[in-house]
Amino acid sequence: MTDVVPPRDARVLPIPLGHSNAFLIKGTRPVLVDTGLPGSAPKILAAFKKEGLNPWDLALIIITHAHLDHTGSAAALAGATGAPVLVHTGEADYLSTGASAPARPNALLGNLLGLMIGKHAPAPELAVRPVIRVDAPYRLDAFGVDGTIIPTPGHTNGSLSVILATGECIAGDLVTGMFPATEPRLPIFAEDPDAARVSISAILAANPKIIYAGHGGPFSPGQVQELVR
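Numbers given for residues are sequential positions, taken from 1 along each chain in its written order. The predicted origin of the model limits local features to residues at a pLDDT of at least 70 and limits the giving and counting of side-chain atom pairs to 80 or more, whereas totals for whole chains, interfaces and linings rest on all residues. Side-chain metrics rest on all non-hydrogen atoms present in the structure, leaving aside hydrogens and water.

Participant: Could you give an account of the sheet that holds strand 4 (residues 60–62), naming the residues involved and the relevant values?
Facilitator: Two strands are counted as paired when DSSP detects at least two bridges linking them. Under the scheme used here, helices are H or I runs from DSSP no shorter than 4 residues and strands are E runs no shorter than 2 residues, and both carry numbers assigned from the N terminus. The six strands are arranged 1-2-3-4-5-6 in an open sheet whose pairing can be described as mixed. In the strand order of this sheet, the two ends are held by strand 1 (12–16) and strand 6 (132–134), each with one partner. The average angle at which neighbouring strand axes cross in this sheet is 25°, direction not considered. As defined by bridge partners, strand 2 (residues 21–26) adjoins strand 3 (residues 30–33) across four bridges and the pair is classed as antiparallel. Each bridged residue has a counterpart across the sheet, and for Phe23 the counterpart in strand 3 is Val33. Working rule for contacts: check all heavy atoms of both residues, and any pair within 4.5 Å makes them a contact. For helices, the axis comes from a line fit to the C-alpha atoms of the stretch in contact; other axes are also lines fit to C-alpha atoms, and the angle between any two N-to-C directions lies between 0 and 180 degrees. This element, helix 1 (residues 41–50), spans strand 1, strand 2 and strand 3 of the sheet and lies at about 145° to strand 1.

And the structure:
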């Protein structure tokens, strides 16, 4: 494994949630990336408090893709903080109905996990209306962060990644560290595996110093580069 050292002026604070990770971006104002499974809101709000932040300080909630382990607490956190929710245009309807984007296995592990977790039926109690819908690069300056959201389809067709001026990248499930957590692999679920490789190349072209993932990680760009060689 290659040692991964965040930039000295790192602004990303990972929030481990057991099954997945959420991320607090500490800019002039705080921004949250992903929200974990249902019931994760108290742990995320406790992380805010530890950083000296109040719930109402939150400027924005970014959803990297509409799977339950990333959207499950979006409604609860939007209600607790008043922050707007941002998602890809193509996945807004999933979020609005409490449904989940397709999870198409891309590996044997994906097939096995798919049998274990089954399908996620729409859950109205988890629904939240996304205020901002994007389908092109989107600057975060208005929310106090020097960075850009970019579409990175592959895991789902509407997946998004966040690239910061610090050299930090939050890639959602475009790469994953599942079994083992310390080594990156291509997404075990992918609507379009070829698009996933193109998207990985796109984030590497931004010359990140560190790549955070929704599961496991973080990873060095050298580790991730091996996935598309």
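From this point, the narrative continues.
Participant: How would you explain the packing of helix 1 against helix 3 (residues 74–81) if you had to name every residue and give the values?
Facilitator: The interhelical angle for the contact between helix 1 and helix 3, taken along N-to-C directions, is 45°, at an axis separation of 9 Å. The orientation of helix 1 relative to helix 3 falls into the category oblique. Crossing of helix 1 over helix 3 shows right-handed handedness. Of the residues in helix 3, those in contact with Ala41, Ile44, Leu45 and Phe48 of helix 1 are Ala76, Leu77, Ala80 and Thr81. Side-chain classes are defined by residue name, with Ala, Val, Leu, Ile, Met, Phe, Trp, Tyr, Cys and Pro counting as nonpolar, Asp, Glu, Lys and Arg as charged, and the others, Gly among them, as polar. Here the contact of helix 1 with helix 3 is built from residues that sort into seven nonpolar, one polar and no charged. In these notes the angle categories are as follows: under 35 degrees is roughly parallel, over 145 is roughly antiparallel, 65 to 115 is roughly perpendicular, and the rest is oblique. Should the near helix be turned counterclockwise from the far one by less than a right angle, the crossing is left-handed, whereas a clockwise turn marks it as right-handed.

Participant: An account of the environment of Leu164 is needed here, citing residue identities and associated values.
Facilitator: Counting through the fold element by element, Leu164 comes out in strand 9 (residues 160–164). Distance in space between the C-alpha atoms of Leu164 and Pro208 is 8.5 Å, their sequence separation being 44 residues.

Participant: I'd like a rundown of the sheet that holds strand 9, residues and numbers included.
Facilitator: Spatial strand order, 7-8-9-10-11: five strands in an open sheet with mixed pairing. Of all the strands in the sheet, just strand 7 (138–139) and strand 11 (210–212) have a single pairing partner and so form its edges. As paired strands, strand 7 and strand 8 (residues 147–151) are joined by two bridges and run antiparallel to one another. Its bridge partner lying in strand 8, Arg139 is registered against Thr148.

Participant: Describe in detail helix 3, supporting the description with residues and values.
Facilitator: Every buried residue belonging to helix 3 is among Ala74, Leu77, Ala78 and Thr81, and all of these are buried. The buried residues of helix 3 occupy an angular sector of 100° when the element is viewed end-on, so they sit on one face. Looking one or two residues past helix 3, Gly82 carries a phi angle of roughly 75°, positive in sign. Remark: exposure states derive from per-residue accessible area (1.4 Å probe, protein chains only) relative to the maximum for the residue type, with buried under 20%, exposed over 50%, and partly exposed in between. Each direction from the helix axis to a C-beta atom contributes to the arc, which is the arc of those directions.

Participant: So what's going on with helix 1? Residues and values would help.
Facilitator: All of the buried residues along helix 1 are Ala41, Ile44, Ala47 and Phe48. Down the axis, helix 1 shows its buried residues gathered within 125° of arc, on one side only. Of the residues in helix 1, the exposed ones pointing more than 90 degrees away from the buried face are Pro42, Lys49 and Lys50. Here the buried face of helix 1 lies against strand 1, strand 2, strand 3 and helix 3. A positive backbone phi angle near 80° is found at Gly52, which sits one or two residues after helix 1.

Participant: I'd love a proper account of the pattern of salt bridges, names of residues and values included.
Facilitator: For this analysis, a salt bridge means a side-chain nitrogen from Lys or Arg found within 4 Å of a carboxyl oxygen belonging to Asp or Glu. Evaluated as defined, the whole model comprises five salt bridges. For Arg139, the salt bridge identified is with Asp141, shortest N-O distance 2.7 Å. With relative accessibility at 41%, the residue Arg139 sits in the partly exposed group. On the basis of relative accessible area, Asp141 is assigned to the partly exposed category, the value being 46%. If you follow the salt bridges from partner to partner, you end up with Arg139, Asp141 and Asp146 in one network.

Participant: If you had to explain the nonpolar core to someone new, which residues and values would you point to?
Facilitator: What we call a nonpolar core is a set of buried Ala, Val, Leu, Ile, Met, Phe, Trp, Tyr and Cys residues that are connected through their side-chain atoms within 4.5 Å. Among the nonpolar cores identified, the biggest contains 22 residues, and Ile15, Leu32, Ile44, Phe48, Ile61, Ile63 and Val85 are the most heavily contacted of them. Within the residue set of this core, elements represented by two or more residues are strand 2, helix 1, helix 3, strand 5 (85–88) and helix 4 (92–97). It is helix 1 that contributes the most residues to this core, four residues altogether. Setting aside its immediate chain neighbours within four residues, Val85 contacts Ile61, Ile63, Ala78, Leu95, Val128, Pro130, Val131 and Ile132. Formed by 21 residues, the second largest nonpolar core is a distinct cluster that contains Phe23, Val134, Phe143 and Leu160.

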